[in-house]
Amino acid sequence: MELKVNQDNCLGCGVCVISCPVNAEISPENAGGNGSKTEEVVTMIENGFVKIFCADKCKKCGTCQMFCPCDAIWVE
Amino acid sequence: MIKNVKEVKDKDFNIERSAEEIRNLSFKNHVCIGCGICESTCPVSAIELEEIGAISRNKINTTFSGHDKLPQNIHKGFDKAKLTIDEHKCVLCGMCSGLCPADALELTINGVPIANIDSYPHFISFAEIDDDECIYCQKCQTACPRDAITVERKLPNRADLVSGEIEVNEDDCIYCGICKEMCPAEAIEVDSVTGEESIVIDKDKCVYCLVCKKSCPTDAIKAVCRICSYGDYDINPEDAVVTGSAIIDQELCVKCGWCEGVCPTDAAKHKKPFKGSLDVDQNKCQTCGACADVCPCDALTIPSLKGPVKVDNVIKRDEYCIRCGACEKTCPNDAITVKITNVDYTPTNSKTWIEALEALKN
Amino acid sequence: MPKHIASGLKYLTAVKLKEQGQNQQKIADELDIDRSTVSHYLNGRNLSWNSIDVAKTITDLEPKDFLKMTQAIIQNPEQIRKIVNICKKNEYETIVEDSCIGCGLCVDLCFMKCIKLDSLKAQITSRHCCGCQTCENECPTNSIKILEI
């Protein structure tokens, strides 16, 4: 299984980025909503859409898919 | 040539080899707790556990907040079984079945489950409700994290337990309807229409609370107390008994002990197959809740929130943890450590099986 | 032709049984043929020496190939087992190690039906083993050793 995104569905709200527990560990400042300082995170919002940066860091816990309001990110 | 035949039915499947004997390995997805013991035990590496965090947390038709999803946003692709077995690799040895703490995998030989064959070891564990002790309070049914308990009860007839009855002296009654409005049991009917006045008391509903008597402006209601007037208290104790049945669905039960924990009497008893420990490193934990969502025994929970505050830790109910390790496998922050220190199983002569059982300890 | 080779194999078996001191009736019962045929075989009548030669070549093959060829020529599994068992060139020592998991695959695969499971471990009746090594090769835990004596 792997992490997938569908930018067509994405609203760019960033809930997935903030809720991701791996992101929170790598870049705690994520929680503030201003984005992380490093690109070493799993996901980030870029140009208004979610983008996967380090797919190998994803542990497939499903937190992002649970919070995403429009199924733009999921583990499949 | 001898071949395994796989039959898939929704998310469940059967693998069968029939020659000298018929061996059949069945998998029930709804019973699987995602602990992955089968995956690490399989001697031929035929089993693959899926990402149960993602699987148990996908909401197909609704969003997390409970709203229906737009049709174009519904993905069915991630709705899959918790584990897969490669039928070309599987040799139907039954080790996964013997070591599955939830009995989601079951090997039968000529139709007999290996749990019923003496030469195979099996975990010593149980959960039962003693009918003689059970008061059918249904607390276990509510607490059971697997919805495995059904408590049905038959209540006594309420009228049999009422200690008196009321009578109306129609000479004094003015049919004002005050008693009807006051009655908490809706046992009184009053017709106040001029010329058609009547009052009727439904003795099956009346609980002899005497609110009517106290509120009657003309003192028309008489109380006839059975205790006072008949001397002895006339309620038959047998009429007050609640009867019923409490049944544990052994297929779903994981022997976590919630039923015993909440039981106000000594009716519910259980024994877990493993002893060990569960530790959560609260510094590493980012409270994503994946552990709580996969835990089959509600031993880990995320506290419910009031307002926009960050949860700072998960709540651990150590006494209900069965040490299956599903949470440890799921945690994205490696914050959970589950250790098994003791495994209780029936004796066997097979050294390999003993080795596999002992290997569960870490 | 296969029929002739089958006769050759039966001839070889009959001779072996005779050497073991069995009488003609007993041999006939063992091979499920009538006594007069056994008598013919043992006296070298109604049988081409060519087919006996071919049959001899077959019994000299690797045990696995001997078994396979016999399976191709003769249909009755019970008869195949008897012929292979009597005409095999070697006896075998069979070892099942403790790493056996009791999956029963060898039991299902053994054409000679000489493997049984006992307490989650394979038990091989060595004197019936034909040395084909199917069990040894297919065992998922490599727990079986078949050694020529």
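In this text the structure is predicted, and so the values were computed from the model without any measurement.

Rules used throughout
- Residues numbered from 1 in each chain as written.
- Chains lettered and ligands numbered in written order.
- Predicted model: local features only at pLDDT ≥ 70, side-chain atom pairs only at ≥ 80, totals over all residues.
- Pairing = 2+ DSSP bridges.
- Helix = DSSP H or I, 4+ residues; strand = E, 2+ residues; numbered from the N terminus.
- pLDDT = per-residue confidence, 0-100.
- Buried ≥ 20, exposed ≤ 12 C-beta atoms within 10 Å, placed from the backbone.
- Contact = placed C-beta atoms within 7 Å.
- Domains from an automatic or database assignment.
- Nonpolar A, V, L, I, M, F, W, Y, C, P; charged D, E, K, R; others polar.
- Axes fitted to C-alpha atoms, helices over the stretch in contact; angles between N-to-C directions.
- Parallel < 35°, antiparallel > 145°, perpendicular 65-115°, else oblique.
- Left-handed = near helix turned anticlockwise from the far one by under 90°.
- Core = buried A, V, L, I, M, F, W, Y, C linked by C-beta atoms within 7 Å.
- Arc of directions from axis to C-beta.

Caption draft 1: Structural detail: the sheet that holds strand β2 (residues 12-18) of chain B. One open sheet accounts for five strands, arranged β1-β2-β3-β6-β7 (chain B); its pairing is antiparallel. One side of each edge strand has no neighbouring strand; the edge strands of this open sheet are β1 (5-9) and β7 (112-113) of chain B.

Caption draft 2: Molecular detail of the confidence of the model for chain B. Here chain B averages 89 in pLDDT, and 91% of its residues register 70 or above. Both confidence scores are given for the complex: pTM 0.85, ipTM 0.89.

Caption draft 3: Structural context of the pairing of strand β12 (residues 198-201) of chain B. Residue and element names in this part refer to chain B. Here β12 shows one buried face, formed by I199 and I201, and one open face, formed by S198 and V200. Pairing of strand β11 (residues 188-191) with β12, which is carried by four bridges, proceeds in the antiparallel orientation. Its bridge partner being in β12, D191 is matched across the sheet by S198.

Caption draft 4: Seen up close, the arrangement of the chains. Where the two pairs of chains in contact are concerned, the greatest contact count is recorded for chains A and B. With respect to C-alpha atoms, chain A approaches chain C no nearer than 28 Å, and the pair has no contact.

Caption draft 5: View of the domain arrangement of chain B. Split by domain assignment, chain B resolves into domain 1 (1-121), domain 2 (126-155 + 242-271), domain 3 (161-233) and domain 4 (274-344). Computed over C-alpha atoms only, the centres of domain 2 of chain B and domain 3 of chain B are separated by 42 Å.

Caption draft 6: View of the interface of chain C and chain B. Counting from both sides, the interface comprises 16 residues of chain C and, opposite them, 20 residues of chain B. The leading source of residues in the side of chain C that touches chain B is helix α7 (residues 105-109) of chain C, at four residues. Tallied by class, residues from the side of chain C that touches chain B come to eight nonpolar, five polar and three charged.

Caption draft 7: Broad picture of the interface of chain A and chain B. With 21 residues of chain A in contact, the opposing surface of chain B contributes 19 residues. Considered class by class, the residues forming the side of chain A that touches chain B number 11 nonpolar, five polar and five charged.

Caption draft 8: Quick peek at the packing of helix α1 (residues 2-19) of chain C against helix α2 (residues 24-31) of chain C. Residues and elements named next belong to chain C. Viewed as axis vectors pointing N to C, α1 and α2 meet at an angle of 140°, and their least axial separation amounts to 10 Å. When the axes of α1 and α2 are compared, the pair comes out oblique. Considering how the two elements wind past one another, α1 and α2 form a crossing that is right-handed. Mapping the contact onto sequence places K10, T13, A14, L17 and K18 in α1 and I27, E30 and L31 in α2. Looking at the contact of α1 with α2, its residues break down into four nonpolar, one polar and three charged.

Caption draft 9: Representation of the nonpolar core within the structure. Among the nonpolar cores identified, the biggest contains 141 residues, and B:C38, B:C259, B:C291, B:C297, B:C327 and C:C106 are the most heavily contacted of them. Counting residues per element, this core draws most heavily on α1(C), at five residues. Setting aside residues up to four positions removed in sequence, B:C291 forms contacts with B:L300, B:V314, B:C327, B:T330, B:C331 and B:I336. Counting 13 residues, the second largest nonpolar core, distinct from the first, contains B:A187, B:I188, B:C212 and B:A220.

Caption draft 10: Focus on helix α4 (residues 49-59) of chain C. Residues and elements named next belong to chain C. All of the buried residues along α4 are I52, A55, I58 and T59. Looking down the long axis of α4, one finds its buried residues gathered within 115° of arc, a one-sided arrangement. What points out from α4, more than 90 degrees from its buried face, is the exposed set W49, N50 and D53.

Caption draft 11: Spatial organisation of the packing of α1(C) against helix α3 (residues 35-42) of chain C. Residue and element names in this part refer to chain C. Between α1 and α3, whose axes approach to 9 Å, the crossing angle comes to 85°. By the angle between their directions, the pair α1 and α3 is classed as roughly perpendicular. Counted together, K10, Y11, A14, V15 and K18 of α1 and V38, Y41 and L42 of α3 form the full contact between these two elements.

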